Every structure is written in structure tokens, then in C-alpha cells.
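Listed below are the residues making up each chain.
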Amino acid sequence: MKVLIAYASRAGSTKEIAEFIGEKLRGRGVEAEVQDVGSARAAGGYDAYVIGSALYMFHWMKDARQFLSKNRDLLAIRPVWLFSSGPVGVQKTDSAGRDLRDASVSGPKEIEELKEAARPRDHHVFFGALYGEKLRGGIGLTYRFMQRSKAVRESMPDGDYRDWQDVATWADSIADSLLAPGTTVPIQS
Ligand SMILES: Cc1cc2nc3c(=O)[nH]c(=O)nc-3n(C[C@H](O)[C@H](O)[C@H](O)COP(=O)(O)O)c2cc1C
């Protein structure tokens, strides 16, 4: 049983979520490899896939979207789980009372497309981490521009809001599924 955990992360917090999922799966006796989705060229050879991306402007990062579309035939015949990491702040709901862990609120907007490509068993939105001052390049500029709005400043506070218990529970549910008899078709090498 070999699982690929492929992530797309700009500032590193999604990478750490992926690494944590890897540790949890290994702790349950599942062989788990964690790789940047951009460098995970050889997608074949795994029994299952966990694929996640940070959310920026309500979208998954390009590398993660491409990984799904390029490997859709392979993913169609393997168990797949998707995650997104994004919402920040201590509130679990937005100002309209909507759950921030709902993809229709935080993104990705292309969730139906991603589901169509990967046919995942689940998609989970995790809270993320944000340290705006450290953001460089285009995303740093976008962030600083967005920060001119009071509403954005309030809804995107700096800090680490990752809920490791939530990640652990989700990783455990994946391990439960993978270890259940008859879950995976043996890979043909
Ligand atoms: C410019 C900008 C746009 C963002 N857009 C979203 C968004 O649309 N939805 C969301 O939930 N989080 C959004 N976030 C928060 C990030 O997704 C969050 O900081 C995430 O943990 C970053 O992951 P990374 O450290 O792996 O890059 C945004 C952050 C920045 C700086």
C-alpha cells in the first residue's frame, strides 16, 4: 500500500499539512510519500492519492490543477482524496454566517471540475496560515493591495490558524478507508 500525498503550496503551510498527513498515514502503517505536486511527474505507481493545494483568490494553484487534469485517467481508477487549505482567522464562519470550510465560500471555485477529474472520496477545506509581510512577488503585491480594504484586513488576519486535530482526524479517516479490506485494486507494475 503506497500513497502519494502531492501538495501545492506558496508559503509553506500547505506543505506542512501534507507532511503531517504523511506522518499520520505512516503511523498507521501506510507507506506514504509527500511531494510537491509540480515535481511529482511520475504519478503512476501508487495505490492511492491525497492531493491538496493552498487557496489563492478562490482557486487552487495551477500546478495542482494541472496534476489532476493530466492524470485523470489514472486517478479515475484509484482512491483519491482532495484537500484545500486557506481560510484564516479564529472565526469558522464569514460575516454572512457561512461556514468557511465550505468550498462554495472559500474556494476552490473549480471544485466541480476537480471532482470531475479526480472523482475523490472526499474534499476537505483546512484552515491555513498567513504571514502577509513575508509574501513576495505578485502574490505579495496582491496581498498588499487587498489590505487597503478594511473588510479584507478583518477577514484575513495574520497568524497560523491550522487545526491539527482536524487534519489528524481527516488523515485517520483516510487510513481507515485504505486499510479496510478490498479498498484498493493492487497496482500493476
Ligand atoms: C493574496 C491572497 C489571497 C488568498 N485567497 C484566499 C482564498 O481565496 N480563500 C482562502 O480560503 N484563503 C485565501 N488566502 C489564504 C491562504 O490560502 C492561506 O494563507 C494558506 O494557508 C496559504 O498556504 P501556503 O502557505 O501553502 O501558500 C489568500 C491569501 C493571500 C495572501
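Here, the structure is the one placed above.
Asker: Hey, could you run me through the side chain of Arg78 in this one?
Answerer: Relative to the assigned elements, Arg78 resides in the loop between helix H3 (72-76) and strand E5 (80-85). The side chain of Arg78 sits in the buried core without any salt bridge; Asp47 is the nearest counter-charge, 5.5 Å away. Within polar-contact distance, the side chain of Arg78 engages the backbone oxygen of Tyr46 at 3.1 Å.

Asker: Looking at this structure, how should I read the site of the ligand?
Answerer: Looking at the ligand, there are 22 residues lining it, with Ser9, Thr14, Leu55, Phe58 and Ala129 nearest. Within the backbone of Leu55, one N or O atom sits 2.5 Å away from an oxygen atom of the ligand. Within the backbone of Gly86, one N or O atom sits 3.4 Å away from a nitrogen atom of the ligand. Surface burial for the ligand is 96%, taken as the share of its 640 Å² of free accessible area covered by protein chains. For the shell around the ligand, the secondary-structure elements that each account for two or more residues are helix H1 (13-27), strand E3 (48-56), strand E7 (129-130) and helix H6 (137-146). Per element, the largest residue contribution to the shell around the ligand is three residues, and it comes from E3. Residues that form the shell around the ligand fall into these classes: 13 nonpolar, eight polar and one charged.

Asker: Any chance you could explain the nonpolar core here in plain terms?
Answerer: As a rule of thumb, soluble globular proteins bury nonpolar side chains together. Core analysis: the largest hydrophobic core is formed by 22 residues, its most contacted members being Ile51, Trp60, Phe67, Leu68 and Leu82. Put simply, the parts of the chain that give this core at least two residues each are strand E1 (2-8), E3, helix H2 (62-70), E5 and helix H5 (111-118). With four residues, E3 is the single largest residue contributor to this core. One finds Ile5, Leu25, Ala48 and Leu178 within the second-largest nonpolar core, a separate group that totals 20 residues.

Asker: Explanation requested: the pattern of salt bridges in the structure shown.
Answerer: Charged atoms that come close allow side chains of opposite charge to pair. Counted under the stated rule, the structure contains nine salt bridges. The closest approach of N and O atoms between Glu33 and Lys2, which form a salt bridge, is 3.9 Å. One end of the pair, Glu33, is in strand E2 (residues 31-36); the other, Lys2, is in strand E1, with 31 residues separating them in the sequence. Given the relative accessible area of 27%, Glu33 is considered partly exposed. Looking at Lys2, the relative accessible area reads 25%, which means it is partly exposed. A salt bridge links Glu116 to Arg72; its shortest N-O distance comes to 2.9 Å. With Glu116 in helix H5 and Arg72 in helix H3, the pair connects residues that are 44 residues apart, well separated along the chain. Overlapping salt bridges bring together Glu16, Asp160 and Arg162 as one network.

Asker: Is there a simple way to explain the environment of Ala54 in this structure?
Answerer: Examined against the element boundaries, Ala54 turns out to sit in strand E3. Separated by 47 residues in sequence, Ala54 and Tyr7 place their C-alpha atoms 8.2 Å apart. Discounting chain neighbours no more than four positions away, the residues touching Ala54 are Ala8, Thr14, His59, Trp60, Met61 and Ser85.

Asker: Help me understand the packing of H1 against helix H8 (residues 164-179) in this model?
Answerer: The relative placement of two packed helices comes down to the angle between their axes together with the axis-to-axis distance. At their nearest, the axes of H1 and H8 sit 9 Å apart, and the two run at 45° to each other. Here H1 lies oblique to H8, going by the angle between them. Handedness of the H1/H8 crossing: right-handed. Facing H1, whose interface residues are Glu16, Ile17, Phe20, Ile21, Lys24 and Leu25, H8 presents Trp164, Val167, Ala168, Trp170, Ala171, Asp172, Ile174 and Ala175.

Asker: Sorry, what's going on with H1 here?
Answerer: Count 3.6 residues to each turn of an α-helix, and residues three or four apart come out pointing the same way. Helix length check: H1 (15 residues) gives 21 Å between terminal C-alpha atoms against 21 Å at 1.5 Å per residue, within 8%. Those residues of H1 not exposed but buried are Ser13, Thr14, Ile17, Ala18, Ile21, Gly22 and Leu25. Positive phi shows up at Gly29, right after H1, with a value of about 90°.

So, how was this worked out
Residues numbered from 1 in each chain as written. Predicted model: local features only at pLDDT ≥ 70, side-chain atom pairs only at ≥ 80, totals over all residues. Heavy atoms only, no water. Helix = DSSP H or I, 4+ residues; strand = E, 2+ residues; numbered from the N terminus. Buried < 20%, exposed > 50% of the residue type's maximum accessible area, 1.4 Å probe, protein only. Lys, Arg positive; Asp, Glu negative; His and termini not counted. Salt bridge = Lys/Arg side-chain N within 4 Å of Asp/Glu carboxyl O. Polar contact = N/O pair within 3.5 Å; in protein donor to acceptor, adjacent residues only side chain to side chain. Near = heavy atom within 4 Å. Areas by Shrake-Rupley, 256 points an atom, 1.4 Å probe, with all protein chains shown as cover. Nonpolar A, V, L, I, M, F, W, Y, C, P; charged D, E, K, R; others polar. Core = buried A, V, L, I, M, F, W, Y, C linked by side-chain atoms within 4.5 Å. Contact = heavy atoms within 4.5 Å. Axes fitted to C-alpha atoms, helices over the stretch in contact; angles between N-to-C directions. Parallel < 35°, antiparallel > 145°, perpendicular 65-115°, else oblique. Left-handed = near helix turned anticlockwise from the far one by under 90°. Expected span 1.5 Å × (residues − 1).

From the geometry alone we can't say anything about function, so treat these as descriptive.
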